[in-house]
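What follows is each chain in one-letter form.
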Amino acid sequence: MTDSVIDPVDTGERRRRADAAPVITDLIDEATIQSIAEEAWQALVGEEEFLVPLPGDAPDDAVSSWVEIVGPWNGAVVLTVARSTAEELARCLLKEHAPPVLDDEDVEDAMGELANVVGGNVKAVLPGPSVLGLPEIGAAPAAGSPADTCRVDLLWRGQTLTITARGAAGAPHDPSELDPHENEVPL
Amino acid sequence: MKILVADDSRVMRQIVIRTLRQAGYDDHDIVEAEDGADALAKVSSEKPDLVLSDWNMPNMTGIECLQAMRASGSAVPFGFVTSEGSPEMREKAASAGALFLIAKPFTAEVFSDALAPVLG
């Protein structure tokens with residue numbers, strides 16, 4: 001007589017965990033996002049431009065740009081800086097083509113392209129197939145669960161730059177992995 | 001020689017044009033297009049020797065533009081300059097007839113390596 005192969009305490013939990021959508025912290029870490037951002041900054045902003053991994057003061061007039069990623073992981077890669085930092089970045093990207101007075105379109109375009117380049121390279125690290133959205137600017141999309149957020153706090157020229165890869169709000173996740181604490185700083 | 005640069009970002013078009021100059025292609029005529037549909041129209045009207053195109057654009061994407069060009073019989077050399085450089089995207093680009101895919105962020109050296117076989 002053989003032993004029963006039926007687990008009397010099988011609650012289906014293991015199957016549910018395997019089926020749950022992955023969270024970003026299982027797919028990418030802060031160091032990888034920082035490395036992607038540093039490469040983008042040196043190629044687009046300037047060869048002598050560096051990002052320092054230190055948290056800065058939260059800007060009062062934050063500007064966010066982001067691209068959405070839809071695939072096995074659903075969410076957005078969001079860049080957040082102060083308005084003055086966004087203008088400085090736009091001048092760096094435009095270089096000699098920067099007009100004396102920047103208009104909103106130039107600043108939004110520059111911030112959108114930075115999000116596009118960082119987001120596109122984050123997407124390349126994630127499992128596919130995925131689709132990258134067009135860059136968007138404004139108030140950042142609603143944050144998903146803290147457990148599905150990878151946040152990198154940086155300083156560029158002493159100014160705050162925050163990059164987050166954040167799961168879409170409402171994306172299905174394993175409830176046991178949720179952090180009951182909310183993010184303290186809305187981005 | 002004439003190069004058509006298609007990107008919905010004016011800032012990125014400027015960066016691509018600047019990088020072309022840094023890569024030694026400063027004596028080429030540059031034509032800009034703001035999306036895939038604009039690029040497709042300018043392939044006919046401007047007759048460029050090379051198209052450098054973003055992938056994700058409103059109205060018509062870069063790969064839709066390339067497919068429409070090839071469907072209409074245009075064999076103009078075409079390369080992508082895009083933030084998505086995964087093996088999957090490179091395979092899609094090559095299957096559609098693109099000669100190369102330059103991933104953003106890029107350097108002038110990457111441009112030289114990709115363009116030299118096409119423009120010399």
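No experiment lies behind these values; they were computed from the predicted model shown. Starting from 1, residues in each chain are numbered consecutively following that chain's sequence as written. All chains are assigned letters beginning with A, and all ligands numbers beginning with 1, in the order in which they are written. In keeping with the predicted nature of the model, local features appear solely for residues at pLDDT of at least 70, side-chain atom pairs appear and are counted solely at 80 or more, and the whole-chain, interface and lining totals rest on all residues.

**Q** I'd like a rundown of the interface of chain B and chain A, residues and numbers included.
**A** You'll often see interface size given as the accessible area lost when the parts meet. Contacts here follow a simple rule: the backbone-placed C-beta atoms of the two residues must lie within 7 Å. Facing 18 residues of chain B, the contacting portion of chain A comprises 23 residues. Strands here are runs of E lasting at least two residues and helices are runs of H or I lasting at least four, both read from the DSSP assignment and numbered beginning at the N terminus. The greatest single-element share of the side of chain B that touches chain A, amounting to six residues, is contributed by helix 1 (residues 10-22) of chain B. Following the grouping adopted for this structure description, the nonpolar residues are Ala, Val, Leu, Ile, Met, Phe, Trp, Tyr, Cys and Pro, the charged ones are Asp, Glu, Lys and Arg, and the polar ones are all others, Gly among them. Looking at the side of chain B that touches chain A, its residues break down into six nonpolar, seven polar and five charged.

**Q** Quick one: what's the story with the sheet that holds strand 2 (residues 29-33) of chain B, residue by residue and with numbers?
**A** Residues and elements named next belong to chain B. What makes two strands pair is DSSP finding at least two bridges between them. The parallel open sheet is built from five strands, whose spatial order is 2-1-3-4-5. Because the sheet does not close on itself, it has two edges, and the strands there are strand 2 and strand 5 (100-103). Within this sheet the neighbouring strands show an average axis-to-axis angle of 20°, counted without direction. Relative to strand 3 (residues 50-53), strand 1 (residues 2-6) runs parallel, the two sharing four bridges. Across the sheet, residue L4 finds its bridge partner in strand 3, namely V51. Axis lines are fitted to C-alpha atoms, over the contacting stretch for helices. Their N-to-C directions set the angle, which ranges from 0 to 180 degrees. Running over the sheet, helix 3 (residues 62-71) touches strand 1, strand 3 and strand 4 (78-82) and is turned about 175° from strand 4.

**Q** Report on helix 2 (residues 30-45) of chain A, specifying residues and quantitative values.
**A** Each residue after the first adds 1.5 Å to the expected span of a helix. An ideal rise of 1.5 Å per residue puts 22 Å on 16 residues; helix 2 of chain A measures up with 21 Å between its terminal C-alpha atoms. Buried means a residue has 20 or more other C-beta atoms within 10 Å of its own C-beta, exposed means 12 or fewer, and partly exposed covers the counts in between; C-beta atoms are placed from the backbone. Of the positions making up helix 2 of chain A, those classed as buried are A:I33, A:I36, A:A37, A:A40, A:W41, A:L44 and A:V45. In an axial view of helix 2 of chain A, the angular spread of the buried residues amounts to 135°, which keeps them on one side of the axis. Residues of helix 2 of chain A that are buried sit in contact with strand 1 (51-52), helix 3 (83-94), helix 4 (104-125), strand 6 (149-156) and strand 7 (159-167) of chain A together with helix 1 of chain B. When we speak of the arc, we mean the arc of directions from the helix axis to the C-beta atoms.

**Q** Please provide a residue-by-residue account of the confidence of the model for chain B, values included.
**A** When the pLDDT values of chain B are averaged, the result is 95; 100% of them are 70 or greater. Predicted complex, confidence summary: ipTM 0.92, pTM 0.86. Each residue carries a pLDDT score, the predictor's confidence in it, ranging from 0 to 100.

**Q** Any chance you could break down the nonpolar core for me, citing the residues and the numbers?
**A** Remark: nonpolar core denotes a set of buried Ala, Val, Leu, Ile, Met, Phe, Trp, Tyr and Cys residues whose joining runs through C-beta atoms within 7 Å. Counting 76 residues, the largest nonpolar core has A:A37, A:V77, A:L79, A:M111, A:L114 and A:V118 as its most contacted members. The residues touching A:V118, leaving out its near neighbours within four places in the chain, are A:I36, A:A37, A:A40, A:V77, A:L79 and A:I163.

**Q** So, the pairing of strand 2 of chain B: which residues are in play, and what are the values?
**A** Residues and elements named next belong to chain B. As defined by bridge partners, strand 1 adjoins strand 2 across five bridges and the pair is classed as parallel. Paired with V5 across the strands is E32, a residue of strand 2. For the handedness criterion, the strands are oriented away from the viewer, and a crossover whose path from the first strand over the helix to the second runs clockwise is classed as right-handed. One crossover worth recording links strand 1 to the parallel strand 2 by way of helix 1, and it is right-handed.

**Q** I'd like a description of the environment of A:V125, backed by residues and values.
**A** All names here are of chain A. You can see V125 is positioned in helix 4. Sequence spacing of V125 and T32 is 93 residues, and the spatial spacing of their C-alpha atoms is 9.0 Å. With near-sequence residues (within four places) excluded, V125 lies in contact with I28 and T32.

**Q** Please give an account of the environment of A:W41 that cites residues and values.
**A** All names here are of chain A. By the secondary structure assignment, W41 is in helix 2. It is 9.4 Å that separates the C-alpha atoms of W41 and V118, two residues lying 77 residues apart in sequence. Those residues in contact with W41, other than ones at most four positions away along the chain, are E49, L51 and W156.

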